[in-house]
Amino acid sequence: MKRTTIALISIVIGLSFFGLLMLQARIVQAMATMRKGQFDEAVFRALDQTSRDLERNETFRYLQQAAQQMGLNADSTLADASLSTYTSTAWQGYMQLDTTPISATIAVAQPQQRTSTLAPQLPSGLGMRHYGTVDDASMRFREFVKNAYLYRKGVLDEVVYTILYTASEKALGERINFRLLDSNLRAELESSGITLEYHFSVADSRGQEVFRCVDFDSTGIDYTYTQTLFRNDPLQKMGVLRVHFPERTSYIMGAASAMIPSLVFTLILFFTFCFTVWLIVRQKRDTEMKNDFINNMTHEFKTPISSISLAAQMLGDKSVAKSPAMIDNLSGVIVSETRRLRYQVEKVLQMSLYENGNIRFNEKEIDANVVIDDVVHTFTLKVKQSGGSLTANLDAEDAAIYVDEMHFTNVVFNLLDNAVKYRRDDEPLQLNVTTANQSSRLIITVSDNGIGIKRDDLRRIFDRFYRVHTGNKHDVKGFGLGLSYVKTMIELMHGTIKAESEPSRGTTFIISLPLID
C-alpha cells in the first residue's frame, strides 16, 4: 500500500473520529446546560417562595400579638375579627330587609356576639323609621354598608401598616427564626425535586452576616444563589439570603453521565486507531529498510564474490601463463576479498546476536588513547588514498575505561569509515579525532567536513537498516548497520553517543564513556 493511500485513509478516519468526539462533547455540554437551567430555575423559585413565607409568617405573628392585646380570639387574625364580624352583621340586616313586606317596619338584628369595638353599629333610627318602598331602604342600606366597609378597611390597613413598620424597625437577626427559615427552605427545595445538601447564610443590606450555617465555608465556592429578604421594606432594612450547594457541579454533570462511557469508548477507539496507523507506518518503514538492506547486502556480497571467483578462474585457467608475481597478486586479491566478505558477514551476525541477546562482552581495562591511536595509524593510509587528511588530538590525561577492546575498536573504525564514505567530491576530506576529560567521563569526538546530514535524517541515523539516501547510485557501500552497531555497543559500555551535523558542513559524533574510578 502506498504512503499516500495510508495517509488519505488515516485522514478520513481521523476526521470522522474527531467529528464524532465533537458531536458527543456538544451533546454532553447541551445536557449539562439544560440540567443547570432546570436546577437554577427550581432553586430561584424555592428561594422566592421561602422569602414570601418569611414575610407572611412575620405578618401573621404580629397580627396575632395585636389581636391578643385587643382581647380578640388568639386563633384568628385582627382582620378576621373585624371584617368578618362586620360583614356578617351587614349581611344579616340586608337579608331581613329584603324579605320584609313593603309596609312593614325595617328592623335589622344586631349581632349576638360582639367582641370588638371595631365591629360596626347600625344606626339606631334605622329600625324605627318607615320608608316608602323596600328598594329605597335597600339602596340606602347598601350605601351605608359600602361606606362603613371602606372606613373599616382604611382603619385596618392603617393598623396593619403600623404593625409592619414596627416590625421593620427591629434588627434583622430578631425578625427571622433561622430554624424555621431552614425548614421552609428545605421544604420548598424538596417540593421542586431538589434534595441536595445545602448551606446558607443571611446578611444585612450592608453585607454583614447575621447568621451562617456551621458547615458553610466561603472558600472554594464556585457559585452561590442569593435572594432578597423583606423586599417590601426600606432598602436599609432588607436582608440577603445566600445558599450554596456543594454537590451542584456533580448534580449538573450527572445528567451527562450516560454519555461519558460512550465518549470514553470513542476515545479508546481513536487512540487504538492512531496506534494501529503508527504500527502500519512503522512496519512499512521497516520493510522498506529491510528491502534496502537486502539490496545493499546483495551488492556488497556480489563484489567480493565476483573478485574471488575471477581470481580463482584465472588460477585454474591453464591457458594463462602464471608468473610468481601474478600468483601472489591473485592470492592477495582472494585473501583481501575474503577478509572483506567475512567482515560484512560478521557485522550482520553481530547485530543478529545482539537482537537475540547472545552477544558476549569481554570487558577489561584499556587505555582509550592507545587504542584510538592504533586505529588512526591504520586508517591514515585509506584517508590519504581518498585525497584527505586525518589528525588526532588525544589530549585526555585520563583515558582508562573498562570496555570490550574489539567492539571499542570497531566503533572507532566505523565512525572513521563513515567519514570516508560520505566525503565531499569538491573538497578534500579533513578528519579529526580528539579525546578529553569532562568530570569523571571520557569524551571522544570524531568530526569531518563531509556532505553532512539533514535534520530529518539525523534523528534516524542510529536506526537499524537506515541509510541516508544518496539516490540510485551504489557508490556508498554499507548495510545501514554501522551506526546502529555503534550506538548499541556504546550503550552496552554504559556510554552515550550523539551526532551534530549540517548539510555541506560536515558531521561530528560525540561519545561519552565513564572512566574507571
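Small disclaimer: the values here were computed from a predicted structure and weren't measured.

A. Region of interest: the overall build of the chain. Along the chain, the regular secondary structure elements total 12 helices and 11 strands. Sorting the 517 residues of the chain into buried and exposed places 36% on the buried side. Taking as baseline every contact in the chain between residues at least 6 positions apart, the subset at least 24 positions apart corresponds to 71%. Just so you have it, the chain exposes about 30800 Å², and 55% of that area is on carbon and sulfur atoms.

B. Structural detail: the sheet that holds strand β10 (residues 496–502). Taken in spatial order, the five strands make up an open sheet running β6-β8-β9-β11-β10, and their pairing is mixed. Two strands lie at the open edges of the sheet, namely β6 (389–394) and β10, each paired on one side alone. Across the sheet, the axes of successive neighbouring strands diverge by a mean angle of 15 degrees, strand direction being ignored. Pairing of β6 with strand β8 (residues 430–438) involves six bridges; the strand directions are parallel. Among the inter-strand pairings, Asn 393 is bridged to a residue of β8, identified as Thr 434. Here helix α9 (residues 368–385) sits on the sheet and contacts β6, β8 and β9 (441–447); the angle it forms with β6, its principal contact strand, is near 170 degrees. Running over the sheet, helix α10 (residues 405–421) touches β6, β8, β9 and β11 (506–514) and is turned about 170 degrees from β11.

C. Molecular detail of the side chain of Glu 55. Along the chain, Glu 55 falls in helix α1 (residues 3–69). Among buried charged residues, Glu 55 stands out as having no salt bridge; its nearest opposite-charge side chain is Arg 231, 4.2 Å away. Those residues within four positions of Glu 55 in sequence are excluded, and the remaining contacts are Phe 230, Arg 231 and Asn 232.

D. Layout of a nonpolar patch on the surface. Taken together, the side chains of Leu 8, Ile 9, Val 12 and Ile 13 define a hydrophobic patch exposed on the protein surface, amounting to about 330 Å² of accessible area. Locating Val 12 in the fold gives a position in helix α1. The exposure class of Val 12 is partly exposed, given its relative accessible area of 47%.

E. View of the pattern of salt bridges. For the structure shown, the criterion picks out 14 salt bridges. In this structure, Arg 248 engages Asp 40 in a salt bridge whose closest nitrogen and oxygen atoms are separated by 3.9 Å. With a gap of 208 residues between them, Arg 248 in helix α6 (residues 248–253) and Asp 40 in helix α1 connect regions that are remote in the sequence. For Arg 248, a relative accessible area of 8% puts it in the buried group. The residue Glu 491 makes a salt bridge to Lys 487 at a minimum N-O spacing of 3.1 Å. Of this pair, Glu 491 and Lys 487 are both found in helix α12 (residues 482–492), four residues apart, which corresponds to roughly one turn of the helix. Glu 491 gets classed as partly exposed once you look at its relative accessible area, which sits at 42%. For Lys 487, a relative accessible area of 27% translates into the label partly exposed.

F. Quick peek at α10. End to end, α10 covers 24 Å across 17 residues, agreeing with the expected 24 Å (1.5 Å per residue, within 8%). Considered for burial, the residues of α10 that qualify are His 407, Phe 408, Asn 410, Val 411, Val 412, Asn 414, Leu 415, Leu 416, Asp 417, Asn 418, Ala 419 and Val 420. A distance of 3.0 Å separates the backbone nitrogen of Met 406 from a side-chain oxygen at the start of α10, and that oxygen is part of Asp 404.

G. Representation of the packing of α9 against α10 in the model. Here α9 crosses α10 at 35 degrees, and the two axes come no closer than 10 Å. As α9 runs across α10, the sense of the crossing is right-handed. Contact with α9, carried on its side by Ala 368, Val 371, Ile 372, Val 375, Phe 379, Lys 382 and Val 383, involves Glu 405, Phe 408, Thr 409, Val 412, Phe 413, Leu 416, Asp 417 and Val 420 of α10 and no other residues of that element. The residue makeup of the contact of α9 with α10, split by class, is 11 nonpolar, one polar and three charged.

H. Region of the structure containing the packing of aromatic side chains. Enumeration over the complete set of coordinates arrives at 14 aromatic pairs. Relative to Phe 245, the ring of Tyr 198 lies with its centre 6.3 Å away and its plane at 55 degrees, an arrangement referred to as tilted. Remark: Phe 245 occurs in the loop between β4 (239–244) and α6 and Tyr 198 occurs in the loop between α5 (178–191) and β1 (199–204); sequence separation between them is 47 residues. Across the pair, exposure class does not vary: Tyr 198 and Phe 245 are buried alike.

I. Broad picture of the nonpolar core. By size, the foremost hydrophobic cluster in this structure holds 41 residues, and its most contacted members are Ile 401, Phe 408 and Leu 416. Discounting chain neighbours no more than four positions away, the residues touching Leu 416 are Val 375, Phe 379, Leu 390, Leu 431, Val 433 and Val 446. Of all hydrophobic cores here, the second largest spans 25 residues; its members include Val 43, Val 202, Leu 229 and Val 243.

J. Broad picture of the sheet that holds strand β2 (residues 209–212). Taken in spatial order, the four strands of this open sheet run β2-β1-β4-β3, and their pairing is antiparallel. In this open sheet, the two strands that pair with only one neighbour each are β2 and β3 (225–229). Recorded for the sheet is a direction-independent mean angle of 20 degrees between the axes of neighbouring strands. Sheet strands touched by α5: β1, β2 and β4. Its angle to β1, the strand with the most contacts, is close to 130 degrees.

K. Region of interest: the side chain of Ser 10. Its place among the elements puts Ser 10 in helix α1. Discounting chain neighbours no more than four positions away, the residues touching Ser 10 are Phe 273 and Val 277.

L. Geometry of the confidence of the model for the chain. Mean pLDDT over the chain stands at 76; residues scoring 70 or higher make up 74%. Within the chain, β9 carries the highest mean pLDDT (93), whereas helix α2 (residues 78–98) carries the lowest (44). Considering only residues more than four positions removed or in separate chains, one finds that residues 74–131, a stretch of pLDDT under 50, has 84 contacts. Across residues 471–480, confidence stays below pLDDT 50; counting only partners more than four residues off in sequence or on other chains, it has 29 contacts.

M. Main features of α5. Compared with an ideal rise of 1.5 Å per residue, which puts 14 residues at 20 Å, α5 spans 20 Å between its outermost C-alpha atoms and is within 8% of the ideal. By the N-cap criterion, in which a side-chain oxygen at the helix start approaches the backbone nitrogen of a residue two or three places on, α5 is capped by Asn 177, the distance to Arg 179 being 3.2 Å. With its phi angle positive at about 85 degrees, Gly 193 sits one or two positions after the end of α5.

N. View of the environment of Ala 396. Inspection of the secondary structure puts Ala 396 in the loop between β6 and β7 (400–404). When its relative accessible area of 7% is taken as the criterion, Ala 396 is described as buried. For the pair Ala 396 and Thr 434, spaced 38 residues apart in sequence, the C-alpha separation works out to 8.4 Å. If we skip the residues at most four places from it in the chain, Ala 396 touches Asn 369, Thr 435, Ala 436, Asn 437 and Leu 442.

Analysis parameters
Residues numbered from 1 in each chain as written. Predicted model: local features only at pLDDT ≥ 70, side-chain atom pairs only at ≥ 80, totals over all residues. Heavy atoms only, no water. Helix = DSSP H or I, 4+ residues; strand = E, 2+ residues; numbered from the N terminus. Buried < 20%, exposed > 50% of the residue type's maximum accessible area, 1.4 Å probe, protein only. Contact = heavy atoms within 4.5 Å. Areas by Shrake-Rupley, 256 points an atom, 1.4 Å probe, with all protein chains shown as cover. Pairing = 2+ DSSP bridges. Axes fitted to C-alpha atoms, helices over the stretch in contact; angles between N-to-C directions. Lys, Arg positive; Asp, Glu negative; His and termini not counted. Salt bridge = Lys/Arg side-chain N within 4 Å of Asp/Glu carboxyl O. Patch = residues over 30% accessible without salt bridge, like charges linked within 9 Å, V, L, I, M, F, W, Y side chains within 5 Å. Expected span 1.5 Å × (residues − 1). Polar contact = N/O pair within 3.5 Å; in protein donor to acceptor, adjacent residues only side chain to side chain. Left-handed = near helix turned anticlockwise from the far one by under 90°. Nonpolar A, V, L, I, M, F, W, Y, C, P; charged D, E, K, R; others polar. Phe/Tyr/Trp six-rings, centres within 6.5 Å; stacked < 30°, edge-to-face > 60°. Core = buried A, V, L, I, M, F, W, Y, C linked by side-chain atoms within 4.5 Å. pLDDT = per-residue confidence, 0-100.

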